[in-house]
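Listed here are the chains, written in short residue letters.
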Amino acid sequence: MKAVIAEKPSVAREIAALLGATDKKDGYLTGNGYQVTWAFGHLVGLAMPEDYGLPGFQREALPILPNPFLLTVRKVKKDKAYVPDSGAVKQLKIIEQVINRSDSIIVATDAGREGELIFRYIYEYLKCSKPFQRLWISSLTEKAIKQGFDNLKAGSDFDGLYQAGQGRSQADWLVGINASQALSIAGRGVYSLGRVQTPTLALICKRYLENKNFNVKKYWQIQLGHRKEFVDFKSLSKTKWEEKKLADNMLKAVGRAGTATVTGVENKTVSEQPPLLFDLTGLQKEANKRLFLTAEETLNIAQSLYEKKLITYPRTGSKYIPEDIWAEIPALVRSLEARAPYKEAVKKLKWGRFNKRIVNDVKVTDHHGLLITETVPSTLPLNEQAIYDMIALRLLEALSQACSKEITDITLQALHYDFTLKGCKILEPGWRGIKGNFKEEDGEPVQELPDLKVSDELKIKEASVLEKKTKPPVLYNEAGLLSAMENAGKEIANEDERKALQGIGIGTPATRAAIIETLFKRDYIKREKKSLIPTEKGLQVYEVVKDKRIADVAMTAEWEMALQKIENNEADATDFHQSMKAYASSVTQELLSMNIAGQNQPELTCPKCKSHQLFIRDKVVKCPDEACNWLLFRNICGVQLSLSEVENLVNKGKTSLIKGMKSKAGKKFDAHIVLKDNSETSFEFDNSTYKKK
């Protein structure tokens, strides 16, 4: 008997049907010598500090460096404490029973770093020692699954992948837990920092402040209108005047001159190669630009298309395919040819001359670039159809020939001032003919020009002064932020470091969407129209950490490179782990030693758990321990409690008489706020005051 472990029930059902395991049981399917069961994502994860018997948010307990790390069943918040997820506990028990009844295991979790980690943490938690093989597939079509089972790989082939996943998981724990607690202690508030989260926040805040503090300057240029051979076109002055009056004077002089002379003509033919296939980040960027979808929404849609067998594995970081997949490409194109939306686009391809630029075995990572499958959808929800179309049309573009253009740069002279204009003529549409999109997205507008030669005299039909402004760095939208995360190395000032980290990003294609969503959940960033901007809380955190190593984009990019080397068995995971422990210790001390505004607040011990120092904020006073979670809102019935009254309440169990509070009915009253035995608050009225009222 063989156990098959998938990542989720839907995938398990597909595999079970193909294997003939059709007998449904509670939490698994069985038949034909197989038992097919599943996880629900991460059933097992790294234990939290309290699982080691360590108090949280205690200066003397930091840094927390588990040795060894413990694993625990996934936990959920219930009331004010975290408890094991009952669904996870039940499914883990089923997996254990399935494995115990089997001779060997086939790992069918998603074929990537996180999928490998999901299985290995379960395997390790259950203290299993049975042999296992790996199902490594890039799509859920019947053909792909069959080929995968015919070519099962040794589990040990993916030890590097597991070690990279484990290294990422433990590094995030070490940095996230220690840095968050250290900053919270130093800053008397609840803060969250992370290995990738904080450098990403730093990117957003830095760009926002550059934009906000940018000194916009006005300048003026002169635009001339011309006509030749029934073609209208315009030229623009090279000179930029900083005073409008000077530009206006020049305009009058040019108008009196009446003509401009062609002084230079430069023609060059440009061959524009087609785009490569989408990787996940590329798809998320395109979907954000075209459809205004968030990175997380795009990932969820792509995952749905994958599970419907319509596209290949979406969490890919590659834009290429291996040589052995090339033979399958014509069949994919033919499957599109039968569908009306793609019929005309397919006709523009040159059969027998497909562009092989996307074939590169060396540049294929865990998975190849995003492809459609031979299963073409008939009807899909609107956004799913739009994402599918993007992937399908990108394939057709990638297989097309280069777009050939003739670019013409012209210089004119009027009254000894130079004017320029640019023209573009499409010689061979190539890949741009697939969607009929011939314009550069962010480039200067180009125009069709008549035949112009040096010394030609052109009449000035019209002339005008254009007011322009210098532009600040554009605020990030999600597409821009994904690009910045993908190419984090470009942000590095040191040229040698920048070259070394060229093409290295922070986060991975599979995790970037979750990182952005985490910043939203922490209330560090918000959306303003299409832009991402920091909240007041986000800026507050940034101002504290911007010069600290926790916000260093270069260092985070180096870690991603180190994890990639571990995955490829080119580096030692132990060395990486030791460096992360040293880094976490250093960052913790750096944050604990800071003197943050608000340090003069009273040091108060939680009246409920009596073991943690309270965090005092403008709106609330709270215990940092999630299990205790004692909370006091400082605004009570319309009156803000002063620090001294908070101190009285916590230390003495009672405030002085608080005057002018308002009841729900709008009536004013005076009362003491007192702590009851269970640490909840209530009112105590002064009898004499009460009688007077």
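Computed from a predicted structure; not experimentally measured.

This part takes up the sheet that holds strand E21 (residues 615-616). The antiparallel open sheet is built from three strands, whose spatial order is E21-E22-E23. Edge positions in the open sheet fall to E21 and strand E23 (631-633), since each of these has one partner strand only.

Here the focus is unusual backbone geometry. Looking along the chain, the bond that leaves Leu62 and enters Pro63 is cis, with omega of -5 degrees. Among the structural elements, Pro63 can be located in the loop between strand E5 (44-46) and strand E6 (71-73). The omega angle of the peptide bond from Asn67 to Pro68 is 0 degrees, so this bond is cis rather than trans. Despite not being glycine, Asn32 has its phi angle at roughly 55 degrees, a positive value. Along the chain, the position of Asn32 falls in the loop between strand E3 (28-31) and strand E4 (34-38). By relative accessible area, Asn32 is classed as exposed at 60%. The backbone of Cys637 sits at a positive phi, close to 50 degrees, despite the residue not being glycine. If you trace the backbone, Cys637 turns up in the loop between strand E24 (635-636) and strand E25 (639-640).

What follows deals with helix H20 (residues 643-652). Along H20, the residues classified as buried are Glu645, Val646, Asn648, Leu649 and Val650. For H20, the secondary structure elements touched by its buried residues are strand E22 (620-622), E23, strand E26 (658-662), strand E27 (668-675) and strand E28 (681-684). Two residues or fewer after H20 comes Gly653, characterised by a positive phi angle close to 80 degrees.

Residue placement: Leu152 occurs in the loop between helix H4 (142-150) and strand E11 (153-154). Leu152 sits 15 residues away from Gly167 along the chain, and the two C-alpha atoms are 26 Å apart. Once you skip the residues sitting within four places of it in the chain, Leu152 turns out to touch Ile106, Gln133, Arg134 and Leu135.

With that settled, the discussion passes to the pattern of salt bridges. Enumeration over the complete set of coordinates arrives at 37 salt bridges. Residues Arg120 and Glu116 are paired through a salt bridge, measuring 2.9 Å at the closest nitrogen-oxygen approach. Of this pair, Arg120 and Glu116 are both found in helix H3 (residues 113-125), four residues apart, which corresponds to roughly one turn of the helix. For the pair formed by Arg120 and Glu116, the shared burial category is buried. In this structure, the salt-bridge partner of Arg432 is Glu272, at a minimum N-O distance of 2.8 Å. In this pair, Arg432 sits in the loop between strand E16 (417-428) and strand E17 (457-459) while Glu272 sits in strand E14 (residues 259-272), placing the two residues 160 residues apart along the sequence.

Let us now look at the packing of aromatic side chains. Within a pair of aromatic rings, the relevant descriptors are the distance that separates the centres and the angle that separates the planes. The tally for this structure, following the rule as stated, stands at 15 aromatic pairs. An angle of 65 degrees between the planes, with centres 5.1 Å apart, marks the rings of Phe119 and Phe132 as edge-to-face. Here Phe119, found in helix H3, pairs with Phe132, found in strand E10 (residues 132-134); they are 13 residues apart in sequence, far enough to count as distant. The pair Phe119 / Phe132 is uniform in exposure class, with both members buried. Three or more aromatic residues joined by ring pairs make a cluster, and in this case those are Tyr52, Phe69 and Trp173. A cation sits over an aromatic face here: Arg207 above Tyr476, 4.3 Å from the ring centre. Against the face of Phe278 rests Arg394, its NZ or CZ located 3.9 Å from the ring centre.

Right, let's talk about the side chain of Arg512 for a bit. Take Arg512: it is sitting in helix H16 (residues 512-521). If we ignore the near neighbours within four places in the chain, the residues touching Arg512 are Thr281, Leu482, Met485, Glu486, Gly505, Ile506 and Gly507.

Moving on: the sheet that holds E14. Whether parallel or antiparallel, the strands of a sheet pair through hydrogen bonds between backbone atoms. Spatially, seven strands are ordered E17-E14-E15-E16-E13-E12-E18 in an open sheet, and the strand pairing comes out antiparallel. Looking at which strands have only one partner, the edges of the open sheet turn out to be E17 and strand E18 (462-469). The mean angle between the axes of side-by-side strands here comes to 35 degrees, regardless of whether they run parallel or antiparallel. For strand E13 (residues 231-237) and E16, the ladder comprises two bridges, and the chain directions are antiparallel. Its bridge partner being in E16, Ser237 is matched across the sheet by Phe419. Running at roughly 15 degrees to strand E12 (residues 218-228), helix H7 (residues 244-257) makes contact with E12, E14, strand E15 (403-414), E16 and E18 of the sheet.

So, how was this worked out
Residues numbered from 1 in each chain as written. Predicted model: local features only at pLDDT ≥ 70, side-chain atom pairs only at ≥ 80, totals over all residues. Heavy atoms only, no water. Pairing = 2+ DSSP bridges. Helix = DSSP H or I, 4+ residues; strand = E, 2+ residues; numbered from the N terminus. Buried < 20%, exposed > 50% of the residue type's maximum accessible area, 1.4 Å probe, protein only. Contact = heavy atoms within 4.5 Å. Salt bridge = Lys/Arg side-chain N within 4 Å of Asp/Glu carboxyl O. Phe/Tyr/Trp six-rings, centres within 6.5 Å; stacked < 30°, edge-to-face > 60°. Lys NZ or Arg CZ within 6 Å of the ring centre and 35° of its normal. Axes fitted to C-alpha atoms, helices over the stretch in contact; angles between N-to-C directions.

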